[in-house]
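# Fold and geometry: a report
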Amino acid sequence: MSTTVLISGGNRGLGMGLVQGYASRSNYTVISAVRNPDSMPEVKCGEGSKVVVVKLDAGVNEDAEKGLKQAETEHGINNIDIVVANAAIGDSFYPLAKVPLDNFEEHWRINVLGALALFQACVPRMSKGGKFIFMSSGASPIDRIPDKEDAGYGITKSSCNYLARYAHFENPELVVFSLSPGWVQTDMGDRAAVRYGLEKAHITVDESVAGMLKVIDESSREKWSGLHVRYDGTQSKW
Ligand SMILES: NC(=O)c1ccc[n+]([C@@H]2O[C@H](COP(=O)([O-])OP(=O)(O)OC[C@H]3O[C@@H](n4cnc5c(N)ncnc54)[C@H](OP(=O)(O)O)[C@@H]3O)[C@@H](O)[C@H]2O)c1
């Protein structure tokens, strides 16, 4: 039996780590949904596993459905077991009073509408026990006391938590939760680290991905669904 996984933004950073992590197992089909298919690097695959690439710009509402149709027509994939809505941008470092509204709008479009569009396109293609994960962030909890000028990004991740909790109740056959990866050494993570006076982010992609894979493997309707979980298997605040 083969397991089919879809990762958005699978061409670099955490998305690529997740694609590599799943593809290195046996009998996995991994769909890497990326805005520029030429940017997808070669991935080593385990026995019976493969990576297929589809085009999906998370900033374009129709692209999620188009990407899944592409997976169906070009690769015969019509059922998906695990989805990680990972694609996002994080480049909004302003006090709330000064966030340029077009910057905020772009973060909202890609990080929230993009994740919701992917959820809407995937649900009809998922069976009982299917898992949909919204990638969240330590910047998301609304009860956090602001320690960085990142509200334009944090609000979008807070909204992903909302989507996950709402979707959990609306879809009793699925496992749906939001997942925070830690502060990770990727383009996004290191950019923020340097901005706040650190040399680099706290943990490596491998550490984060190993934790996230374990959380996703162990998740069920009873464990983590409807909640906001961290990569280390602890529950996060909202
Ligand atoms: N790194 C951290 O410390 C950290 C902490 C908390 C949460 N996160 C979350 O973890 C996820 C991955 O972040 P990362 O650190 O891996 O970031 P990253 O290194 O900047 O990579 C971002 C990924 O998202 C893709 N992406 C951006 N806009 C897109 C669009 N419009 N359509 C399709 N793909 C798009 C990028 O593709 P392109 O190459 O085409 O741009 C890239 O694959 C994000 O949801 C982020 O918010 C990261």
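Structure's up top.
I will try to describe carefully the structure that is included in this document. Predicted model, so just to flag it, every value in this text is computed and none were measured.

## Considerations on empty space enclosed by the protein
Per the counting criterion, the structure on display carries one cavity of 30 Å³ or more. Residue lining of the largest cavity: 16 residues in total, with S8, A85, A87, G114 and A115 positioned closest to the centre. Looking at which element gives the most residues to the lining of the largest cavity, the answer is helix α3 (residues 101-122), with five residues. Each residue belonging to the lining of the largest cavity can be placed in one class, and the counts come to 11 nonpolar, four polar and one charged.

## A short note on the site of the ligand
Lining the immediate environment of the ligand, one finds 28 residues, of which N11, R12, R35, Y153 and T186 sit closest. A distance of 2.7 Å separates a nitrogen atom of the ligand from a polar backbone atom of A58. Between the ligand and K157, the relevant distance is 2.8 Å, taken from an oxygen atom to a side-chain nitrogen or oxygen of the residue. For the ligand, whose unbound accessible area comes to 890 Å², protein coverage reaches 94%. Looking at the shell around the ligand, the elements with two or more residues in it are α1 (13-23), α4 (151-170) and α5 (187-195). Ranked by residues supplied to the shell around the ligand, first place goes to α5 with three residues. Per-class residue counts for the shell around the ligand are 13 nonpolar, 10 polar and five charged.

## Observations concerning α1
With eight of 11 residues buried, α1 is to be regarded as a mostly interior element. Every buried residue of α1 is listed here: L14, G15, G17, L18, V19, G21, Y22 and A23. Those residues of α1 hidden inside the fold are in contact with β1 (3-8), β2 (28-34), β3 (50-55), β4 (82-85), β5 (131-135) and α6 (205-218).

## Examining a nonpolar patch on the surface
Where nonpolar side chains cluster on the molecular surface, the patch consists of L96, W108, L113 and I155 and spans about 350 Å² of accessible area. Secondary-structure assignment places W108 in helix α3. Here W108 falls in the partly exposed class, since its relative accessible area comes to 32%.

## Let's talk about the pairing of β1
If a strand is regular, its side chains alternate between the two faces of the sheet. Among the six residues that make up β1, five are buried, leaving the element largely enclosed by the rest of the structure. Examined bridge by bridge, β1 and β4 share three bridges and lie parallel to one another. Its bridge partner being in β4, I7 is matched across the sheet by V84.

## Brief notes about the side chain of S137
With respect to the helices, strands and loops of the structure, S137 is situated in the loop between β5 and α4. Dropping the residues within four chain positions of it, S137 is found in contact with Y153, K157, S180 and H228.

## Comments concerning the packing of aromatic side chains
Going through the model one piece at a time under the given rule, you end up with six aromatic pairs. With a centroid separation of 5.6 Å and an interplanar angle of 25°, the aromatic rings of Y22 and Y28 are classed as stacked. A relative accessible area of 0% means that Y22 is categorised as buried. On the numbers, 5.8 Å between centres and 40° between planes, the contact of F119 with F134 is tilted. Here the residue F119 occupies a position in helix α3, and F134 occupies one in strand β5, the gap between them amounting to 15 residues. Residue F119 is classed as buried on the basis of its relative accessible area, which comes to 9%.

## Some details on the layout of surface pockets
In this model, the second largest pocket occupies a volume close to 250 Å³. Forming the boundary of the second largest pocket are 16 residues, of which A139, R144, P146, A151 and I155 lie nearest the centre. For the lining of the second largest pocket, the residue count by class is nine nonpolar, three polar and four charged.

## Here's the deal with unusual backbone geometry
For N27, which is not glycine, the phi torsion reads 60° and is therefore positive. We classify N27 as partly exposed; its relative accessible area is 36%. You will see that W224, though not glycine, has its phi angle at about 85°, which is positive. Tracing the backbone shows W224 in the loop between α6 and β7 (228-230). Given a relative accessible area of 12%, W224 falls into the buried group.

What counts as what
- Residues numbered from 1 in each chain as written.
- Predicted model: local features only at pLDDT ≥ 70, side-chain atom pairs only at ≥ 80, totals over all residues.
- Heavy atoms only, no water.
- 1 Å grid on protein atoms, 1.4 Å probe; cavity = no way out; pocket = protein on both sides within 12 Å on 5 of 7 lines; lining within 4 Å.
- Points joined across faces, edges and corners; volume = space filled by probe spheres on them.
- Helix = DSSP H or I, 4+ residues; strand = E, 2+ residues; numbered from the N terminus.
- Nonpolar A, V, L, I, M, F, W, Y, C, P; charged D, E, K, R; others polar.
- Near = heavy atom within 4 Å.
- Polar contact = N/O pair within 3.5 Å; in protein donor to acceptor, adjacent residues only side chain to side chain.
- Areas by Shrake-Rupley, 256 points an atom, 1.4 Å probe, with all protein chains shown as cover.
- Buried < 20%, exposed > 50% of the residue type's maximum accessible area, 1.4 Å probe, protein only.
- Contact = heavy atoms within 4.5 Å.
- Patch = residues over 30% accessible without salt bridge, like charges linked within 9 Å, V, L, I, M, F, W, Y side chains within 5 Å.
- Salt bridge = Lys/Arg side-chain N within 4 Å of Asp/Glu carboxyl O.
- Pairing = 2+ DSSP bridges.
- Phe/Tyr/Trp six-rings, centres within 6.5 Å; stacked < 30°, edge-to-face > 60°.

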